[in-house]
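Chain residues, written in single-letter form:
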Amino acid sequence: MWTTKSIALIIAVLLLLVIAWNTDITLVYILFLASFLLFVGSFIILQLNIVNLQVARNIEETAFEDEMLDVGLVIENKRALPNFLFEVVDNFSCGPPDEPRPSIFILKLAGFEKLKVSYIGKCYKRGLWRIGPLTVNSQDSLGFFRMKKSLYVFSDILVYPKVFRILNFPPLARGSVSWLGVETAKISGDSHEFYGVREYQRGDAISRIHWPSSARLRELIVKQFERSAVQEATLVLDLKKGHDIGTGKETTLEYGVKIGASICRYLIDIGAIVQVIAHGKEPIMLHFGKGESHMYQILEEFAKVQADGVTDLKDVLEEANFITPYNSTLIVIMLDIDRDALSSLIQFKVKGIRLIVVVLSTSTFAVVPEAFLDEKGMRDFEESLANLEAYQYRIAKGDDLEKKFEVA
């Protein structure tokens, strides 16, 4: 409430009072009285200008990283007296950490008036953020006294990771899956092989009726086919605690999440069926799906993940082996210090699974212990990776990710 100006003024008032008392000079008494009235008047003005506001915030529930967001505020004066010269500051928590909080300065708000204002905020980093509270700062016109009041108005916003464009990607393996239980809409490029017969269901094409079986059983029987052009991809993301190396947005986790989300975007755009496995504190298991609804499920999970798991990537891959179909594709995003995980990838080759490995170079994100950087260990890692005959992407801090994925 007190400011440097008010402290200086009260000191001046007391000095003038002492001088006037000892010298009995009329001019000093006049100066003392004027200073005292100024002090009291400023205090009274501030009390009259105490804000009684109600604020509502209008904000989108979701956004993408680096997106500029228009945040609207409806400010209502809840009393008959007007308010003058006050500032409303919002705690836009998902904004850049080095930027000041958004503020709006209001000269006057009449009694019971509603005012609509807005500001632009940048969503700096993915995550689930709580916007708020609001802070109202008011002062008298001369700046002798200041008052601060918090308004506990909160809004939640989920910021998705930024997705970059992938122009090229290694070809996916093609597996087989029965039409039974799979979306049966005609998809260009699919091939079919005879699988068996079943009872006719409403909506089945007449051309698929198996007439000999229908005549023998005296009911309509249709041919069931196998769709052999299905592209299934499993993406595994490393979320072990301690594997978030770097600071701010320049960490192995942030790069891994961004790459994983962008790969899923590409795969779903080409019609692939995608599942995601990641073991953080709360394991993620998104079973095979396709289309925009499945993509947004992936984005929601990727927006919230943290490197807080206790399971080694090696063990996650062991588990993934049981649910990754034969003749499908496995995509692994890992660190180059996680060498034990490579041995777990051999079992996928036996199942005819195509491997795509994205390796993050930890030494470019932060200083790592020398034990992880010994030449023999690095040579063993490179040799093991080469023996897998996997498609490889090597990512370092500062890389242009879109350019990295221009060539398969």
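Coordinates for the structure precede this section.
A brief report on the enclosed structure follows. (Residues numbered from 1 in each chain as written. Predicted model: local features only at pLDDT ≥ 70, side-chain atom pairs only at ≥ 80, totals over all residues. Heavy atoms only, no water.)

## Some details on the sheet that holds strand β1 (residues 53-58)
Here is the rule we go by: Should DSSP find at least two bridges between two strands, the strands are regarded as paired. Secondary structure is summarised from DSSP: a helix means a run of H or I of at least four residues, a strand means a run of E of at least two, and numbering begins at the N terminus for each. Axis lines are fitted to C-alpha atoms, over the contacting stretch for helices. Their N-to-C directions set the angle, which ranges from 0 to 180 degrees.
Overall, antiparallel pairing links the 3 strands, which are arranged β1-β3-β6 in an open sheet. Each edge of the open sheet is held by one strand with a lone partner, namely β1 and β6 (114-122). If you compare each strand with its neighbour and ignore which way they point, the axes differ by 25 degrees on average.

## Things to note about empty space enclosed by the protein
Basically, it comes down to this: Of the two site types, the cavity is a set of points on a 1 Å grid over the protein atoms alone where a 1.4 Å probe fits but cannot get out, and the pocket is an open set with protein on both sides within 12 Å along at least five of seven lines, each lined by residues with an atom within 4 Å of a point. Grid points are joined across faces, edges and corners, and a volume is the space filled by probe spheres set on the points. When residues are sorted by character, Ala, Val, Leu, Ile, Met, Phe, Trp, Tyr, Cys and Pro go into the nonpolar class, Asp, Glu, Lys and Arg into the charged class, and all the rest, Gly among them, into the polar class.
Enumeration according to the criterion identifies 2 cavities of 30 Å³ or more in this entry. Estimated volume of the largest cavity: approximately 70 Å³. Looking at the largest cavity, the residues that line it are L237, D238, H243, T252, L253, G256, V257, I333, M334, L335 and L360. Counting residues per element, the ones that place at least two in the lining of the largest cavity are α4 (252-269) and β19 (329-335). Per-element tally for the lining of the largest cavity: the top contributor is α4, with 4 residues. Residues of the lining of the largest cavity, tallied by class, amount to 7 nonpolar, 3 polar and 1 charged.

## Things to note about the packing of aromatic side chains
To keep it simple, the criterion reads: When the centres of two rings from Phe, Tyr and Trp lie within 6.5 Å, Trp using its six-membered ring, the rings pair. Their planes under 30 degrees apart give stacked, over 60 give edge-to-face, and anything left gives tilted. Under the scheme applied here, a residue whose accessible area is under 20% of the maximum for its type counts as buried, over 50% as exposed, and between as partly exposed, the area being computed with a 1.4 Å probe on protein chains only. Only when the NZ of Lys or the CZ of Arg is both within 6 Å of the ring centre and within 35 degrees of the ring normal is a charge said to sit over the ring.
According to the stated counting rule, one finds 9 aromatic pairs in the structure shown. Plain terms: the ring middles of F64 and Y160 are 5.2 Å apart, the flat faces sit at 65 degrees to each other, and that makes the pair edge-to-face. With F64 in strand β2 (residues 62-64) and Y160 in strand β10 (residues 155-160), this residue pair connects regions lying 96 residues apart in the sequence. Residue classification places F64 among the partly exposed residues on the basis of a relative accessible area of 26%. For Y160, a relative accessible area of 4% gives the class buried. Over the face of the ring belonging to Y124 we find K249, whose NZ or CZ atom lies 5.0 Å from the ring centre.

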